[in-house]
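Close look at the chain arrangement
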Amino acid sequence: MVGKQLLLTYLYLLVYILLSSGVILYNKWVLSPKYFNFPYPITLTMIHMGFSGAVAFFLIRVMKVVSPVKMTFEIYATCVIPISAFFAASLWFGNTAYLHISVAFIQMLKALMPVATFLVAVVCGTDKLRCDVFLNMLLVSVGVVISSYGEIHFNVVGTLYQVTGIFAEALRLVLTQVLLQKKGLTLNPITSLYYIAPCSFVFLFVPWYLLEKPGMEISQNQFSFWIFFSNAVCALALNFSIFLVIGRTGAVTIRVAGVLKDWILIALSTVIFPESVITGLNIIGYAIALCGVVMYNYLKIREGRASQPTEGIPERVKDLKTEKRSSDLFAANVGNNSNNGGKNGWNGSASDSNADEEAPLIPSLRMSHLGRQLSGHTA
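Residues numbered from 1 in each chain as written. Predicted model: local features only at pLDDT ≥ 70, side-chain atom pairs only at ≥ 80, totals over all residues. Heavy atoms only, no water.

1. Here we look at the side chain of Asn 188
Just so we agree on the cut-off: Strands here mean DSSP runs of E at least two residues long; helices mean DSSP runs of H or I at least four residues long; both are numbered from the N terminus. Buried, partly exposed and exposed residues are distinguished by accessible area as a fraction of the type maximum, computed with a 1.4 Å probe on protein chains only: under 20%, between the cut-offs, and over 50%, respectively. What qualifies as a polar contact is a pair of N or O atoms within 3.5 Å, subject to a donor-acceptor requirement within protein and to the restriction that residues adjacent in sequence count only when both atoms come from side chains.
Within the secondary structure, Asn 188 sits in the loop between helix 7 (156–180) and helix 8 (189–218). Assessed through its relative accessible area of 15%, Asn 188 is described here as buried. A distance of 2.9 Å separates a polar side-chain atom of Asn 188 from the backbone nitrogen of Ile 190.

And the structure:
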């Protein structure tokens, strides 16, 4: 039984890595003028949001897989709407970057996610400026600058789009903590999609109507139902795969898997898209940035464990508290991923991921515990 459970866990990790990488490469292929040539990132993001919202509605209202939370108009107006706005912006800008820069360089820029999240959290008062964390952020930033300097096909517009998307995602993460979690509202992936995806769709409609609709009316770009349907299914499946992986492994394991996925994705992108060229400076810069990310994760995990009381508390209570901390650490890492392909953002204070690209909507502090329940039931 132990062997079977371990095998199933590795299978879930493999599915997560494949889906996460696949969604990013699929989005790039669809949007790139050199391949499928559908240069409308807002339209693609709206398809993802509309499909995800419809599936979530079917699961909640028709199949009754989960029950909707008690959502008041006040909570929706003050919490869900602003979070949805920044979520839509992060997907919009992140997907638009695919039109201008390579997948490999986008993954390297995403190393800035922790820097953005930390800065926003400090400004919003949800985290404190500390010397050790600041030095880690500086190391990450230096690594990204070196990687950017070594980029052969550096594009200012694409870089600005990606960095703007990263900061929009950071704002979403901090707002999720400040607005939703402090109100005690717990959302799992299905209820998150149910409430946030339709609202994000509405926010994306305005820029779509102004920026993309006129061009689509006169363009000769092809529209294949099966291409976009399969793309949306992959993005949705990624959300659920992350949920199952958290339940079976925990935050630390999936973060390690995320790092492995990034390296695999960078290598794969150069094979699938020959125009993507990686230089030595790219690799050196990204490795430096990754060292900063690993050091920061280590500090946060050690800090979380040190803050847990060790005496006089039942083991199950300690486990639940550890799960809360792990989920908190994880949330920022996977927030990089339904349409942007996994924004590697994380923060011990502001819960995260993405993208993007993949962009999973998992703001709950109890996700690890819920994931174990569902994954155990599924198994």
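2. Details of a nonpolar patch on the surface
For clarity, the threshold we go by: Residues form patches when they are more than 30% accessible in relative terms and have no salt bridge. Like charges link within 9 Å. Nonpolar side chains (Val, Leu, Ile, Met, Phe, Trp, Tyr) link within 5 Å. Here the Shrake-Rupley method, with its probe set to 1.4 Å, supplies the accessible areas, and only the displayed protein chains count as covering residues. Just to be clear on terms, a salt bridge is a Lys or Arg side-chain nitrogen sitting within 4 Å of an Asp or Glu carboxyl oxygen.
Residues Phe 57, Phe 58, Val 62, Met 63 and Val 65 make up a contiguous nonpolar surface patch of about 490 Å² in total accessible area. As for its position among the elements, Phe 58 is in helix 2 (residues 41–62).

3. Notes on helix 5 (residues 113–124)
The condition is simple: Take the residue count of a helix, subtract one, and multiply by 1.5 Å to get its expected span. Any two residues having at least one pair of non-hydrogen atoms within 4.5 Å are treated as being in contact.
Here helix 5 is 12 residues long and its end C-alpha atoms lie 16 Å apart, about the 16 Å a rise of 1.5 Å per residue gives. Taken residue by residue, helix 5 has Met 113, Pro 114, Val 115, Ala 116, Thr 117, Phe 118, Val 120 and Ala 121 as its buried positions. Buried positions along helix 5 lie against helix 6 (131–149), helix 7 and helix 11 (280–306).

4. Topic: the packing of aromatic side chains
Quick note on the threshold: To pair, rings of Phe, Tyr and Trp, with the six-membered ring standing in for Trp, must have centres within 6.5 Å; the planes then decide the type, stacked if under 30 degrees apart, edge-to-face if over 60, and tilted in the middle.
Applying the stated criterion across every chain, the model contains 18 aromatic pairs. Seen from their ring centres, Phe 38 and Tyr 40 are 5.1 Å apart, and the 75° between their planes marks the pair as edge-to-face. Note on accessibility: Phe 38 and Tyr 40 belong to one class, buried. The interplanar angle of 65° and the centroid separation of 6.0 Å between the aromatic rings of Phe 105 and Phe 154 together place this pair among those described as edge-to-face. A residue pair is termed long-range when its members are at least 10 positions apart, and Phe 105 in helix 4 (residues 103–109) and Phe 154 in the loop between helix 6 and helix 7 qualify at 49 residues. Judged by relative accessible area, Phe 105 falls into the buried class, the value being 1%. By relative accessible area, Phe 154 is classed as partly exposed at 41%.

5. Comments concerning the environment of Val 144
Within the secondary structure, Val 144 sits in helix 6. Residue Val 144 is classed as buried on the basis of its relative accessible area of 5%. Along the sequence, Val 144 and Ala 289 sit 145 residues apart, while their C-alpha atoms lie 6.1 Å from each other. Sequence-distant contacts of Val 144, defined by excluding residues within four places in its chain, comprise Met 108, Leu 109, Ala 111, Leu 112, Gly 285 and Ala 289.

6. Describing the packing of helix 5 against helix 6
Filter applied, for reference: Angular values range over 0 to 180 degrees, each being the angle between N-to-C directions of two axes fitted as lines to C-alpha atoms, with helices fitted over their stretch in contact. Roughly parallel means an angle under 35 degrees; roughly antiparallel means over 145; roughly perpendicular covers 65 to 115; every other angle is labelled oblique. Note on convention: near helix rotated counterclockwise from far helix by under a right angle means a left-handed crossing. Clockwise means right-handed.
Relative orientation of the contacting elements helix 5 and helix 6 amounts to 140°, with a least axis distance of 9 Å. Here helix 5 is positioned oblique relative to helix 6, judged by the angle of their axes. Crossing of helix 5 over helix 6 shows left-handed handedness. Contacts between helix 5 and helix 6 pair Pro 114, Val 115 and Phe 118 from the former with Val 133, Met 137, Val 140 and Ser 141 from the latter.

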